[in-house]
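Reading the structure
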Amino acid sequence: MTRGSQRDRDRERAQSRKKDSKGKDDGMTPEQRRERDAKALQEKTAKKAGQSAGGGGDTGNKAGKK
């Protein structure tokens with residue numbers, strides 16, 4: 001097999017894989033995506049702050065236990 005035909009075949013395979021993947025084509029503009037991501041980040045940090053303020057349960061740290 002020559003190298004050129006393998007390269008062409010690999011290009012075809014890559015093109016077919018691109019069609020299957022979702023990628024960034026979720027129907028949102030970059031601004032909408034930024035707003036969605038910022039909201040998700042705020043919710044995540046609020047949840048984490050709530051857990052640390054409320055004790056957070058068992059952290060698995062055995063340094064203070066005897």
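Further up the page is the structure itself.
About the thresholds
Residues numbered from 1 in each chain as written. Predicted model: local features only at pLDDT ≥ 70, side-chain atom pairs only at ≥ 80, totals over all residues. Heavy atoms only, no water. Salt bridge = Lys/Arg side-chain N within 4 Å of Asp/Glu carboxyl O. Helix = DSSP H or I, 4+ residues; strand = E, 2+ residues; numbered from the N terminus. Buried < 20%, exposed > 50% of the residue type's maximum accessible area, 1.4 Å probe, protein only.

Next up on the list: the pattern of salt bridges. On inspection of all chains with the given rule, the structure shows 3 salt bridges. Arg 34 serves as the salt-bridge partner of Glu 31, at 3.2 Å between the closest nitrogen and oxygen. Of this pair, Glu 31 and Arg 34 both sit in helix H2 (residues 30-53), 3 residues apart, roughly one helical turn. The salt bridge involving Asp 37 is made with Arg 36; its shortest N-O contact spans 3.2 Å. The partly exposed category is assigned to Asp 37, whose relative accessible area is 39%.

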